[in-house]
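Tertiary structure, described
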Amino acid sequence: MTAATARRWLHLVVGGALLMPYFLFVGTVVLALLGVPDFFTDPPALALTFTLALPLVAVTALVPAARPPAVALARGLTGTAPDTLADGPARARVDRSRTACWYVLHLGLGGVVAGATLAVPPFAVLLLALPVVRPGPGSPYALPTAGPALYLAPLAGLALLAALAGVAAGAGAVLARAAPVLLGPSPGERLERAERRAAELAVRNRLAREVHDSVGHALSAIALQATAARRLLDGPAAEGRAFAGEALSAIEETARRTVGELDAVLGVLRESGPDPGAAAPGLAEGLPALLDRTRAAGCRVTVRGTPPGVLPPPLDREAYRIVQEGLANALKHAPGAPVLLRLERTASGLSVRVAQPLPPAPPGPSAGGGRGLAGVAERARLLGGSATAGPCGGDWVLDVTLPTGAAPVPRTGEETR
């Protein structure tokens, strides 16, 4: 017997135990009115009691809260895949009806198998021992006491045990096949589960973008500043000490700011913090410091275009993150090269362009990156804009267009709604 068959057998025995209150109620109350003194010793009364108990099971199983315990038992004992069964109470009428059918099937088959499990093994043991221990004249069983049948009794006992195991395995297989049909989610519940899963993925994607754009940019800047400081320390002492002091100050300020942004993101993971996007400064507020840190890391940034002016807060924060990723991309793939940042407020929206000399290996998945550019595209798409990146006239150009009348960026977990 396999472990799965044993678990299903146990599941059926549990169903038989759950049937007993209904069975006893029908036997003692209903059949007592019919004048049956002992329904356990009267086979027709026993069958009638069992039959009348099942409709009572179906009625009580129509309660919405009846499905969760049934699903919990089925997941643990029938071997059914967890995602094929529904979660939560059965709210719709058809779901309650399917749950009632499951209880009738489970408790009905369970009552038969549990009764056989209690009755068959003792009788089979008696048959196995019959050639050695013969029953006395007052035995309630009509058993052979002599002849060939006496010595064939052990074979009959083994056959009874095998038949019991076969019936239990077959009934367990029926329950395992019926569980996804009767306890599975309805189309509406499947849609709700898919929406919940999509919302969870949106949370993860949003957090990944925030961590990549804030912490990733800071670590790139710190690494470049530390490398430059180490190289200059090998040069003239005065010049090296002066630059090392500036680099360490920039590293300290960058690390302090990034710790605050990282704490905001971790707060969302603990479900105790605000939207991680709120930790990012706006473009007007944070751009000067961002340019200072980028230039301190060795990137020669030139800013052109008209100031974007006052932007809606969500658009302001997302535009800052996009510019931050564009400059981080330049630091990573073309350190020390001149970078042109163009910010243009147009009639239809905000245009952001970051151009840098085309590196030997353009940034992207083939160079081991691409996650930041994918995050820029996601930010632009959520705001109703667009983003493109690629070679253009000997430069690597990131072009982003954001409509200034865009709807606010959804908070974490709401991006797919």
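This section reports on the structure supplied with the text. This one's a predicted model, so the numbers in the text were calculated from it and none came from an experiment.

Quick look at the pattern of salt bridges
Summed over the entire model, instances satisfying the criterion amount to 3 salt bridges. Between R98 and D95 there is a salt bridge, and its shortest N-O distance comes to 2.8 Å. Pair noted here: R98 and D95 are both in helix 4 (residues 93-129), with a separation of 3 residues, about one helical turn. An identical accessibility class is assigned to R98 and D95; each is buried. Measuring nitrogen to oxygen at the nearest pair gives 2.6 Å for the salt bridge that ties D399 to R353.

Some points on the nonpolar core
Counting residues in each nonpolar core, the largest one holds 30 residues, and the members touching the most others are L283, L287, V323, L341, V352, V400 and L402. Of all the secondary-structure elements, those providing two or more residues to this core are helix 8 (283-296), helix 9 (313-333), strand 2 (338-345), strand 3 (349-357), helix 10 (371-382) and strand 5 (395-403). Per element, the largest residue contribution to this core is 8 residues, and it comes from helix 9. Not counting the four nearest positions on each side in its chain, L402 is found in contact with L315, A319, I322, G349, L350, A380 and L383.

Re the sheet that holds strand 1 (residues 300-304)
Spatial ordering of the open sheet is given by 1-2-3-5-4, a layout of 5 strands whose pairing is mixed. Of all the strands in the sheet, the pair left with one neighbour each is strand 1 and strand 4 (386-392). In this sheet, adjacent strand axes meet at a mean angle of 15 degrees when their direction is disregarded. Pairing of strand 1 with strand 2 involves 5 bridges; the strand directions are parallel. Bridge pairing in strand 2 places T302 opposite L340. Against the sheet, helix 8 makes contact with strand 1, strand 2 and strand 3, and its axis sits at roughly 150 degrees relative to strand 1, the strand it touches most.

Thoughts on empty space enclosed by the protein
Scanning all chains against the criterion turns up 1 cavity of 30 Å³ or more. Roughly 40 Å³ of volume is contained in the largest cavity. At the level of secondary structure, the elements contributing two or more residues to the lining of the largest cavity comprise helix 9, strand 3 and strand 5. Considering only residue class, the lining of the largest cavity consists of 4 nonpolar, 3 polar and no charged.

Regarding the side chain of T99
Structurally, the position occupied by T99 is in helix 4. For T99, a relative accessible area of 1% translates into the label buried. Not counting chain neighbours up to four residues away, the residues in contact with T99 comprise A61, A66, R67, A90 and L182.

Description of the pairing of strand 5
Alignment of strand 3 against strand 5, held across 9 bridges, turns out to be antiparallel. Bridged to Q356 within strand 5 is W396. Pairing of strand 4 with strand 5 involves 7 bridges; the strand directions are antiparallel. Bridge pairing links P391 to W396 in strand 5. Between strand 4 and strand 5, which pair antiparallel and follow one another directly, the connecting turn spans 2 residues, one of which, G393, has a positive phi of 60 degrees.

About the criteria used
- Residues numbered from 1 in each chain as written.
- Predicted model: local features only at pLDDT ≥ 70, side-chain atom pairs only at ≥ 80, totals over all residues.
- Heavy atoms only, no water.
- Salt bridge = Lys/Arg side-chain N within 4 Å of Asp/Glu carboxyl O.
- Helix = DSSP H or I, 4+ residues; strand = E, 2+ residues; numbered from the N terminus.
- Buried < 20%, exposed > 50% of the residue type's maximum accessible area, 1.4 Å probe, protein only.
- Core = buried A, V, L, I, M, F, W, Y, C linked by side-chain atoms within 4.5 Å.
- Contact = heavy atoms within 4.5 Å.
- Pairing = 2+ DSSP bridges.
- Axes fitted to C-alpha atoms, helices over the stretch in contact; angles between N-to-C directions.
- 1 Å grid on protein atoms, 1.4 Å probe; cavity = no way out; pocket = protein on both sides within 12 Å on 5 of 7 lines; lining within 4 Å.
- Points joined across faces, edges and corners; volume = space filled by probe spheres on them.
- Nonpolar A, V, L, I, M, F, W, Y, C, P; charged D, E, K, R; others polar.

Any link to function would need more than the numbers given here.
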